[in-house]
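# Structural overview for review
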Amino acid sequence: DIVLTLRYDSAPITAAYIANVASQGLYDGKTFYRSDFVIQCGLHPEACPLPNLPQNETALNTFVSNTRGTCAIAHFDVPDNGNSEFFINLQTNAHLDNVYGGYCVFAEVADDASYATVDKIAAAIKGGAGNVTINSVTCA
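A brief structural summary. Keep in mind the model is a prediction, meaning the values are calculated, not measured.

## Quick word on the side chain of Thr58
- As for its placement among the helices and strands, Thr58 is situated in the loop between β4 (38–41) and β5 (70–73).
- Classification of Thr58 by relative accessible area gives buried; the value is 11%.
- Engagement of the side chain of Thr58 in a polar contact is seen with the side chain of Asn56, the distance being 2.5 Å.
- A distance of 3.3 Å separates the side chain of Thr58 from the backbone nitrogen of Cys104, its partner in a polar contact.
- Once you skip the residues sitting within four places of it in the chain, Thr58 turns out to touch Phe63, Asp97, Gly101, Gly102, Tyr103 and Cys104.

Structural data, given as structure tokens:
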């Protein structure tokens, strides 16, 4: 399990959006498919029944840098097109704070057991095991 603490102080709209995606079960059965400096998962825009987020909240509220264990919305090189795709930083990635309008941090890994799971997922993907399936996501 990976327990994430939603950061409503830094990204209230984004945190609520992700909680909504999770509550609808839209992440269930999807995969973490990337492992380099982040692990990434979600639904590509065409597979997500919800509209894109209305704006990138990186600079609107309490700023949180893309450090190890923070979760941020993935987006193309246009800052206001994020959706259910997100990543968990495996290391400090300060360059993501500003590039393309910044990658908005909306949550962080909550505990040591969750960090261990994140690292196991990253190692499995890097080691050639392929994508890692998400059983379910719950936001409290």
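There's plenty left to go through after this.
## Focus: the sheet that holds strand β3 (residues 34–35)
- Spatial ordering of the open sheet is given by β1-β7-β5-β6-β4-β3, a layout of six strands whose pairing is antiparallel. In this open sheet, the two strands that pair with only one neighbour each are β1 (4–6) and β3.
- Bridge count for β4 against strand β6 (residues 86–89) is four bridges, and the pairing is antiparallel. Its bridge partner lying in β6, Val38 is registered against Asn89.
- Helix α1 (residues 12–23) contacts β1, β5 and β7 (105–109) of the sheet and is inclined by roughly 65° relative to β7.

## So, unusual backbone geometry
- The phi torsion at Tyr100 lies on the positive side, around 50°, for a residue other than glycine.
- Within the secondary structure layout, Tyr100 lies in the loop between β6 and β7.

## Considerations on the pairing of β4
- Burial of the side chains of β4 extends over both faces: Val38 and Gln40 are buried on one face and Ile39 and Cys41 on the other.
- Sheet topology note: the β3/β4 ladder contains two bridges and is antiparallel. Note that in β4 the partner of Ser35 across the bridge is Ile39.
- Hairpin connection of β3 to β4: two residues between the antiparallel strands.

## Quick word on the nonpolar core
- Residues Phe32, Ile39, Phe86, Ile88 and Phe106 are the most contacted members of the largest nonpolar core, which totals 31 residues.
- The greatest single-element share of this core, amounting to six residues, is contributed by α1.
- Discounting residues that sit within four places of it in the chain, Phe32 has contacts with Ile2, Ile39, Gln40, Cys41, Ile88, Ile121, Ile125, Asn131, Val132 and Ile134.
- Formed by eight residues, the second largest nonpolar core is a distinct cluster that contains Ala72, Ala74, Phe87 and Tyr103.

Here is what the cut-offs are and how they apply
Residues numbered from 1 in each chain as written. Predicted model: local features only at pLDDT ≥ 70, side-chain atom pairs only at ≥ 80, totals over all residues. Heavy atoms only, no water. Helix = DSSP H or I, 4+ residues; strand = E, 2+ residues; numbered from the N terminus. Buried < 20%, exposed > 50% of the residue type's maximum accessible area, 1.4 Å probe, protein only. Polar contact = N/O pair within 3.5 Å; in protein donor to acceptor, adjacent residues only side chain to side chain. Contact = heavy atoms within 4.5 Å. Pairing = 2+ DSSP bridges. Axes fitted to C-alpha atoms, helices over the stretch in contact; angles between N-to-C directions. Core = buried A, V, L, I, M, F, W, Y, C linked by side-chain atoms within 4.5 Å.

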